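# Observations on chain architecture
Residue strings, one per chain:
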Amino acid sequence: MATLGLVGCFARPAAAAEWTVKTAANQFGDGRQDFRYTVNPGGTVEDGIVVENPGTTPLHLALYGADAFTTAAGKLDLRAADAKATGVGVWAQPSQADVTVPANGSVEVPFAITLPKDAKPGDYVGGIVTADADQRVPIQIRLRVGGALKPSLAVEGVRVDYSGSANPLAKGDATVTYAIHNTGNTILTAQQAVKVSGPFGRWAVRAPKVADTPTLLPGETWKASASLDDVAPALRLTASVTLVPLLTDAAGSTAPLAAIKASGHAWIVPWALLVAILVLLGLVVAALAYRRAGASRARVA
């Protein structure tokens, strides 16, 4: 099975690749960790990738552009070579489709990013991939297309599930699940807070600190959940989710945006309590019937 090694903010493989990639030294600087640009629709930017081979035999590698996505584990990854690209994977094109890197040597390969005139404003992430038959080693490209930025997150499908015990008065556990949808055109993360409460906000319980979301690209949806203990078995539970989106600018500074809130509800049927009430009512009815029967016998005597 092929392994994937990623440069920049991408995860690296367990086994190191036989080659490395880095940004070229040019007018954009030297020693960059990845490629970052702001380009207007219809514009073009030219740069280069350096492939280094520390081995004792030459390496023949393929090169291509690819779009990024967030995995279920919360890591940025690049789509396979045969996946349909719509952003960086289309716009970033190496000057050649393959390269041979000599033993203990390096090769610089130019590439260009050309945006269509109708490119939509916002953030895009992808990369240039170098690959042989067994491994892929990309380097990240983070691109911002000029125009109005509209950061936006939505919380969707909030649901609360409750698990109680046989003791009708004992507290139980609740699990709140929901989806976070990046509905804007910028890369976002978010701080999360979750709580569950009974009617009129009583018996509120807050979840322990929930980790920030991973990086969410525009259009992506992330499934999240939080577990809460000691939740009262109220007849109707309300789960409340609060997100504070975090926007990072081109300089690397992160700013919080206005909080977003959403809620979901669940009816909790305390079966054990209902059974206990029914048993008690049955005993009361039986006692009343017994008393009436005794009174009737007394009158007859």
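Let us look at the structure shown here. Because the structure is predicted, anything quoted here is derived from the model rather than measured.

### Considering the pattern of salt bridges
- Evaluated as defined, the whole model comprises five salt bridges.
- Residue R36 is joined to D34 by a salt bridge in which the shortest nitrogen-to-oxygen separation is 3.2 Å.
- R36 gets classed as partly exposed once you look at its relative accessible area, which sits at 47%.
- According to the relative accessible area criterion, D34 is buried, its value standing at 10%.
- R144 is paired through a salt bridge with D123; the nearest N and O atoms lie 2.6 Å apart. Here R144 is found in strand 11 (residues 135–145), whereas its partner D123 is found in strand 10 (residues 122–131), with 21 residues between them in sequence.
- Residue classification places D123 among the buried residues on the basis of a relative accessible area of 8%.

### Some thoughts on the pairing of strand 13 (residues 172–182)
- Of the pairings in the sheet, the one linking strand 12 (residues 153–163) to strand 13 comprises nine bridges and is antiparallel in character. Across the sheet, V155 pairs through a bridge with I180, a residue of strand 13.

### Examining unusual backbone geometry
- Despite not being glycine, F200 has its phi angle at roughly 60 degrees, a positive value.
- Here F200 is to be found in the loop between strand 14 (188–197) and strand 15 (205–206).
- Since its relative accessible area comes to 84%, F200 is described here as exposed.
- Its identity as a non-glycine residue notwithstanding, D230 has a phi of 55 degrees, on the positive side.
- Here D230 shows up in strand 16 (residues 221–231).

Reading guide: rules and limits
The residue numbers shown here count from 1 along each chain, following its written sequence. Under the rules for a predicted model, residues below a pLDDT of 70 receive no local features and side-chain atom pairs below 80 are neither given nor counted, while totals for whole chains, interfaces and linings still include all residues. Hydrogens and water molecules were not included; the side-chain quantities draw on all heavy atoms of the structure. Salt bridges are identified by distance alone: a Lys or Arg side-chain nitrogen within 4 Å of an Asp or Glu carboxyl oxygen. Buried residues are those whose accessible area, probed at 1.4 Å on protein chains only, stays under 20% of the maximum for their type, while exposed residues exceed 50% and partly exposed ones sit between those limits. Under the DSSP-based scheme used, a helix requires at least four consecutive residues in state H or I and a strand at least two consecutive residues in state E, with every element numbered from the N terminus. A pair of strands is labelled paired if DSSP reports no fewer than 2 bridges between them.

In short, shape yes, function no, at least from these values alone.
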